[in-house]
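Fold and geometry: a report
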Amino acid sequence: MSFLSQTDDNCQEAKSQRIEKMLQRMGAMKPSRLFSARWQAVMEGAGHWTLLTWAILGPSRLTPRWLWVSSVDCAERQEPPGKKLLSEKKLKRHFVDRRRLLVRGGRGGDGLSCFHSEPRKEFGGPDGGDGGSGGHVILRVDRQVKSLSSVQSQYQGFDGEDGGRKNCFGRNGAVLYIRVPVGTLVKEGNKVLADLSRPGDEYIAALGGAGGKGNRFFLANDNRAPVTCTPGQPGQERVLFLELKTMAHAGLVGLPNAGKSSLLRAISNAKPAVAAYPFTTLKPHVGIVHYEDHQQVAVADVPGLVRGAHWNRGLGHAFLRHIERCAFLLFVLDLSVPQPWTQLDDLKHELDQYEKGLSSRPHAVIANKIDLPQARANLPELQARLGAKAIALSAATGENLEELLLCLKELHDRHVAAKLRRGRQPLRW
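This part takes up the overall build of the chain. Check the secondary structure of the chain and you find 10 helices and 14 strands. Taking all 429 residues of the chain together, the buried fraction comes to 41%. The contacts in the chain between residues at least 6 apart in sequence include a share of 73% that link residues at least 24 apart.

What follows is the structure in structure tokens.
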């Protein structure tokens, strides 16, 4: 009996050792093998093995972590080393309206110098093919892009392939497209090269180099065995400056903390930041106002304007640049401050100093914060000085917003009619 019990113990130990080795192999397996198409069968089998070995070996000698591979472990093992790329959401947080860009076209492929080789054909002649042309670098307008933050500082076009034997030409380099937002100006120095103001507009930023010629190209009557071939040409290299000017139908113009962002939130689905301190808005926001006849009017909220902005005070040109594209303006006045009618004169003066005639565009005057007591006290004198054209409303409570929406639609209809009379298509969102 002792001999049989000792034999059983040895067999049990050998079996337990085999099970431990099997569990170790399963723990060292790649996660992709565990989570295969038949993962349910694998996990069920793993559960049976775990119960069996737990009963045989006991809890002290079995560590279930050998068998179980969590999704966190898989992510840690499968994650490649290197710097993570920024997501599109993080790129949109940083509004960029200027970018210096170095672009190089693709290099052309080299031509080949060789001769045809075939049995029983002594003089096969040259058969070296030409190299492929390098790829261009093209700027293309994309409506989904709202900023120049996704545009890198350098771009290199794709190179063309070299020529081959049997008079085979190399493949041309693929075209490299750079997505830019609507309203992008392309400059080289102080010269404006292109105004990309329509969706789908393109501009060739850098041309690809021409491919080299193979010796087949130099075949002539006086030269039946040319050995000459030319290399591919380098692509065009340029330094460009991209400048974004916001494209919108209407622009909200006002001093800091006049309630422009609150007004844009009230009439559209845009969500600019709102706070009780000046310069809350540091980048332009565009909101879309929808009407019943499926018309859409784009309204831009730009940073606040201060005295001396045309001298680049405050946000200066970074603000005024985005007003140039607007077809009509909405002057927002803070009715709660003393003498609010002086704000309109200051705003028009700054616009005219930046660009002559900018304040003479079609516009409407909005007297905001009518819900405050001091604002209601200033309203009669403001209307006496400016006339009945001032629209008194409150962006916080929504009072009299209907009058603003009707005025906005009237200004947009006039703009569309004027564009069509000149034979131009108006901006559509």
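Next comes the rest of the write-up.
Our focus in this paragraph is the sheet that holds strand 14 (residues 390-392). An order of 10-11-9-12-13-14 is seen for the six strands of this open sheet, with the pairing classed as mixed. Only two strands of the sheet have a single partner each, and these edge strands are strand 10 (285-290) and strand 14. Taken over all neighbouring pairs, the strand axes of this sheet differ in orientation by 30° on average, direction set aside. Here strand 12 (residues 328-334) runs beside strand 13 (residues 363-368); their pairing, made up of six bridges, is parallel. Pairing of F331 across the sheet is with V365, part of strand 13. Contacting strand 9 (250-254), strand 10, strand 11 (296-301), strand 12 and strand 13, helix 6 (residues 260-267) crosses the sheet at an angle of about 145° to strand 9.

Sheet topology note: the strand 1 (residues 98-104)/strand 8 (residues 237-244) ladder contains seven bridges and is antiparallel. Across the sheet, residue R98 finds its bridge partner in strand 8, namely E243. In this structure, strand 1 lies alongside strand 3 (residues 154-156), joined through three bridges in parallel fashion. Looking across to strand 3, one finds that R104 is bridged to Q156.

The next point concerns the environment of N257. With respect to the secondary-structure elements, N257 resides in the loop between strand 9 and helix 6. Residues N257 and G304 lie 47 residues apart in sequence; the distance between their C-alpha atoms is 7.4 Å.

All right, on to the sheet that holds strand 4 (residues 176-180) then. If you walk across this open sheet you meet the three strands as 4-2-7, and the pairing is mixed. Only two strands of the sheet have a single partner each, and these edge strands are strand 4 and strand 7 (202-206). Neighbour-to-neighbour, the strand axes of this sheet turn through a mean angle of 30°, independent of strand direction. Looking at chain direction, strand 2 (residues 137-141) and strand 4 are connected through five bridges and run parallel. Bridged to L139 within strand 4 is I178.

Attention shifts here to unusual backbone geometry. Despite not being glycine, K369 shows a phi value in the positive range, around 70°. Note on placement: K369 falls in the loop between strand 13 and helix 9 (373-386). Not every positive phi belongs to a glycine, and N400 is a case in point at roughly 65°. The topology assignment puts N400 in the loop between strand 14 and helix 10 (401-421).

Within the secondary structure, S268 sits in the loop between helix 6 and strand 10. A distance of 2.7 Å separates a polar atom in the side chain of S268 from the backbone oxygen of L264. Leaving out residues up to four positions away in the same chain, S268 has contacts with G287, I288 and V289.

For the pair helix 6 and helix 10, the least separation of the axes is 11 Å and the interaxial angle reads 85°. Of the possible angle classes, the one that applies to helix 6 and helix 10 is roughly perpendicular. Along its contact with helix 6, which presents L263, A266 and I267, the element helix 10 presents L401, L404 and L405. Among the residues making up the contact of helix 6 with helix 10, the classes are represented as six nonpolar, no polar and no charged.

With that settled, the discussion passes to helix 10. With 21 residues, helix 10 should reach 30 Å at 1.5 Å per residue; the first-to-last C-alpha distance of 31 Å fits that figure. Directly after helix 10, the chain includes G423, whose backbone phi takes a positive value near 80°.

On to the environment of G251. Its location among the elements puts G251 in strand 9. Residue G251 is classed as buried on the basis of its relative accessible area of 0%. For the pair G251 and R325, spaced 74 residues apart in the sequence, the C-alpha separation amounts to 8.8 Å. Those residues in contact with G251 that lie beyond four places of it in its chain are A300, C326, F328, L329 and L330.

A separate point is helix 6. Residues of helix 6 that are buried: K260, S261, L263, L264 and I267. Projected down its long axis, helix 6 carries its buried residues within an arc of 160°, all on one side. On the buried face of helix 6, the contacting elements are strand 9, strand 10, strand 11, strand 12, strand 13 and helix 10.

Right, let's get into the side chain of D334. In this fold, D334 is placed in strand 12. Within the local environment of D334, its side chain forms a polar contact with the side chain of S336, the two groups lying 2.7 Å apart. A polar atom in the side chain of D334 sits 3.3 Å from the side chain of K369. Apart from the residues within four sequence positions on either side, D334 is in contact with N257, A258, P340, Q343, N368 and K369.

About the cut-offs
Residues numbered from 1 in each chain as written. Predicted model: local features only at pLDDT ≥ 70, side-chain atom pairs only at ≥ 80, totals over all residues. Heavy atoms only, no water. Helix = DSSP H or I, 4+ residues; strand = E, 2+ residues; numbered from the N terminus. Buried < 20%, exposed > 50% of the residue type's maximum accessible area, 1.4 Å probe, protein only. Contact = heavy atoms within 4.5 Å. Pairing = 2+ DSSP bridges. Axes fitted to C-alpha atoms, helices over the stretch in contact; angles between N-to-C directions. Polar contact = N/O pair within 3.5 Å; in protein donor to acceptor, adjacent residues only side chain to side chain. Parallel < 35°, antiparallel > 145°, perpendicular 65-115°, else oblique. Nonpolar A, V, L, I, M, F, W, Y, C, P; charged D, E, K, R; others polar. Expected span 1.5 Å × (residues − 1). Arc of directions from axis to C-beta.

None of this, on its own, says anything about what the molecule does.
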